[in-house]
Amino acid sequence: MLTTGGVMGAKAPAPDHGQGEPVGLGSVDADMFDLVGGKAVGLGVMMAAGFPVPDGFCIPTSAYRKSVPLDDVLDEFDRATSDDDLVRLAGDARRRIMSSPVSPELDEAVTAAYRLLGEEKDAAVAVRSSATTEDLPEASFAGQHDTYLGISGVDDVMDAVRRCWASLWSDRAVLYRAANGVGQRDAEIAVIVQLMVDARQAGVLFTVEPTTERRTEMVVEAVAGLGEGVVSGTARPDQYRIGPGAATVHGSGGLGRGQLRELWALGRCLEEFFGSPQDVEWAYDASGRLWITQSRPITTLFPVPEAAQEQPRVYWSLNAYQGLTQPFTPMGAHMIRLRQMSFQPGLAGSGIAARIPGVHGWLYWDVTDGAYSESRRARLAHLIDAFTAPAGRALLDHADELRPSSGIDPLAFAPPRKISESRSRTLFALAFPKLARASIVARSEKLVRRYAGPARASAEERLDFVEAVAAKVARIELDLPHEHAGRRAAEIGARLLSGVADQAEIHAVFRGVPGNPTTEMDLALWRLSRRIRDDADSVALFAELPPAELAVRYANGTLPDVIQQGLARFLRTYGTRVRAEIDLGVPRWSDDPEPVFTMLANYLLTTDPAQDAERHFTDAAGAAEKLIGELGRRLPRWHFPRAMAARFMLRRSRALRGLREHGKVYLMRGFAHVREQLLLIGEDLVRHDRLARPEDVMFLVPAELRSGLRGEDLRATVVERRARYERECKRPRVPSLVLSDGRALEPRGRPAEAGRTLRGLAAATGVVTATARIVHDPNTARLRPGEILVVASTDPGWTPLFLTAGALVSETGGLTSHGTTVAREYGIPAVVGVSDATRAIRTGDTITVDGSAGTVSIHD
């Protein structure tokens, strides 16, 4: 099938690109995207490879530009501020196009190309839009631009061409571009004129099952005659599900088994040719020959590691575990793999393999052995739910689909690493918590100072240093002095109060704990906002200027002293933090303080003394101390020693609890040392014209930097990786648990929405009714005091928002995840593991968060 010539007639004349003359599809190659658009490139490269594509030609974007003067309309698009503006201007552009004459030269060139198609004088053709903003890796723009079928005669062809040009400015196309971040000025359009297939049967082939995203199945939809009804949704097609190798077929209709096998083989060839799953439009002609009329990437699929042949493997998203809704940069992925390898002995007992596969910055633990093991599955599910609920419950719900594993990673069965704490050190910490904390901080400072790189060195020496210390920095949390006395004291205190205190009350004991570096950071920023509020000039600047401009003025040293010096002090202590900070490649607050200005602007919205965050924190600490006394009094008098012991343990646990965040803080300090050296290496590569910017080093790994220092130009590699990273950042969801065949595992029978109530994991007690605010990025969030923060996930870079939030709702997380721990300490209700919360809830909805029941009620 693929060895036959792809064309049905003679090729169109060679194009004159400058004059906008037509380009024969057989002459189109992958480098002509800007000239002919995504659809024409796809058809052209398939034709060149021997796929059966009907012959035709393309009227290039240069013809559109010459024929349609839109400069003044485009200037107005640049100034548009609303959807209404966009719709009005789209109408202006369409009217301009339909009233603009086509030049005699273009009319003559199109006529000549059309006459060469087929054997008839006025051959029937399809006239199809091919925009430069469609069939992109991140957005297909399917159906946004027009197609006209069965067009005959030069006059009708030219009219259809003009209507295709106008469809670039349809209301839906303009709004779709705006929603996907594509500039209106960047949109251009070519038009394909292609011989019609005399279709007896036609339709669409999805090389991946589109509803379950199972990579091992294909779906065919077919109708008699032209396939336009399938594409537009106006026809009710026959549907077939085809299993691996076309060995199984479910469905019936007009297609025979041989045709379905042929379509399956075609789909596999196209997947291999394009390197991704495809959405294919096809047709069988009267002679029974199969033709391709379009193939475009399916852009909505979440990338997963390559499927195993014998059975689906089970993957747990390392991004979700770390609270990331974005991919890792290449350098960040390199470091996180080193970090997780150091934790591997402690994870292996749950059946987590040592290797961490990844696709485009999305990293996964291979948990196949634990998921398929009857003895380890429950333990693994408990671990998964502790960080990314309800994924652990989903694993248990799908246990019937999981067969025993055949290949076992030997490291998966290594004995867990035992972290022991000497009895004397534990007793010392319980007796003298302040001295124990001071000792741990001193030893931690000494350890991290070892990783400060050389002040003066060549780029090669700096890279030698990075390679020597990277693995050690990545395991800082394990090498730091461990203090488990606080955790042990909490466990003992809870046991002593068994029967008189529930879990929610024990959690409430740990509100407002002292010494947590993350809460100390948030409160330091709050205090800075109070000082700014008391300075009229500073308040005026925040009212007048956006955070980006404030960051520029800070870099130039031109802000009022209360801001300039206050922020400098804050960044000296906390400048190594940021959202997604576990990714070494992400710029820190000290590199770009714009997110800090955004958070300060949010804090300045709080003017009511009753909403003072520091007072709330102090009150929470006082309430927790009062609760400890109350819980002790619940025990009978004859258990007075037990009550005293419980109070002692809970108070000591509060005193030591803040050390939980200690390791992460010093890991970020270590990361800062490595980043400093990498950026200095980047400066050297920029001086030698091997990188465009110093920060481009984050899109490489150390071995590639070594090649750059030896003379290799790395700029093209970085451009490609940065573009892919930016595309991947736009993905709307991050499944926590996926199978290698593409399916995301979700809990079965989960009442995703019982009436208007969403259910999740009760994570922090309390009940709050307030306005919801959906936030996807804390760096740009505008959260008003008391609003309920609704997010996909959180990490330490989000916590400044918690200070003024009324409650937290998160799609992922568990009882031990970062967001829930900080929410409990701030005393705000939290419900986590609420699937699709950011879709089911809208900004402005009034909702009630019950952190004790684990429910979120949406009010009409």
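To start, this report covers the structure provided alongside it. The structure presented is a predicted model; accordingly, all values stated were derived computationally and were not measured.

## Here's the deal with the state of the cysteines
Move 1: Tallied over the full model, the rule gives 0 disulfides.
Move 2: In this structure Cys58 is not part of a disulfide, and its nearest cysteine sulfur, from Cys164, lies 11 Å away.

## So, the nonpolar core
Move 1: Core analysis: the largest hydrophobic core is formed by 113 residues, its most contacted members being Phe542, Phe570, Phe597, Leu678 and Leu789.
Move 2: With 10 residues, helix H28 (residues 662-687) is the single largest residue contributor to this core.
Move 3: If sequence neighbours within four positions are ignored, Phe597 has contacts with Phe542, Pro547, Leu550, Ala551, Tyr554, Leu559, Ile563 and Leu567.
Move 4: One finds Val68, Tyr148, Cys164 and Ala166 within the second-largest nonpolar core, a separate group that totals 42 residues.

## Focus on helix H19 (residues 485-496)
Since the α-helix advances by 3.6 residues per turn, residues separated by three or four positions end up pointing in the same direction.
Move 1: Its 12 residues give H19 an end-to-end C-alpha distance of 16 Å, which sits within 8% of 16 Å, the value for a rise of 1.5 Å per residue.
Move 2: Buried residues of H19: Ala485, Gly486, Ala489, Ala490 and Gly493, and no others. Taken end-on, H19 shows its buried residues confined to a sector of 135 degrees, consistent with a single buried face.
Move 3: Buried residues belonging to H19 abut helix H15 (423-431) and helix H27 (640-657).

## What about the side chain of His507?
Move 1: By the element assignment, His507 lies in helix H20 (residues 503-508).
Move 2: Residues in contact with His507, not counting those within four places in the same chain, are Ala763, Leu815 and Arg824.

## What to know about the packing of aromatic side chains
Move 1: Tallying each qualifying case throughout the model produces 19 aromatic pairs.
Move 2: Where Tyr64 meets Trp165, the ring centres are 6.0 Å apart and the plane angle is 65 degrees; that geometry is what we call edge-to-face. With a gap of 101 residues between them, Tyr64 in helix H2 (residues 61-67) and Trp165 in helix H6 (residues 154-167) connect regions that are remote in the sequence. In this structure, Tyr64 and Trp165 share a single accessibility class: buried.
Move 3: Geometrically, the ring pair formed by Phe77 and Trp169 is stacked, given 5.1 Å between the ring centres and 25 degrees between the ring planes. Within this pair, whereas Phe77 is found in helix H3 (residues 71-79), its partner Trp169 is found in the loop between H6 and helix H7 (171-179), the two being separated by 92 residues in sequence.
Move 4: For Trp169, a relative accessible area of 1% puts it in the buried group.
Move 5: By way of ring pairs, the aromatic residues Trp316, Tyr321, Trp365 and Phe387 are connected into one cluster.
Move 6: Of note, Arg177 hangs over the ring of Trp169, and the distance from its end group to the ring centre comes to 4.9 Å.

The rules behind the values
Residues numbered from 1 in each chain as written. Predicted model: local features only at pLDDT ≥ 70, side-chain atom pairs only at ≥ 80, totals over all residues. Heavy atoms only, no water. Disulfide = S-S within 2.5 Å. Core = buried A, V, L, I, M, F, W, Y, C linked by side-chain atoms within 4.5 Å. Buried < 20%, exposed > 50% of the residue type's maximum accessible area, 1.4 Å probe, protein only. Helix = DSSP H or I, 4+ residues; strand = E, 2+ residues; numbered from the N terminus. Contact = heavy atoms within 4.5 Å. Expected span 1.5 Å × (residues − 1). Arc of directions from axis to C-beta. Phe/Tyr/Trp six-rings, centres within 6.5 Å; stacked < 30°, edge-to-face > 60°. Lys NZ or Arg CZ within 6 Å of the ring centre and 35° of its normal.

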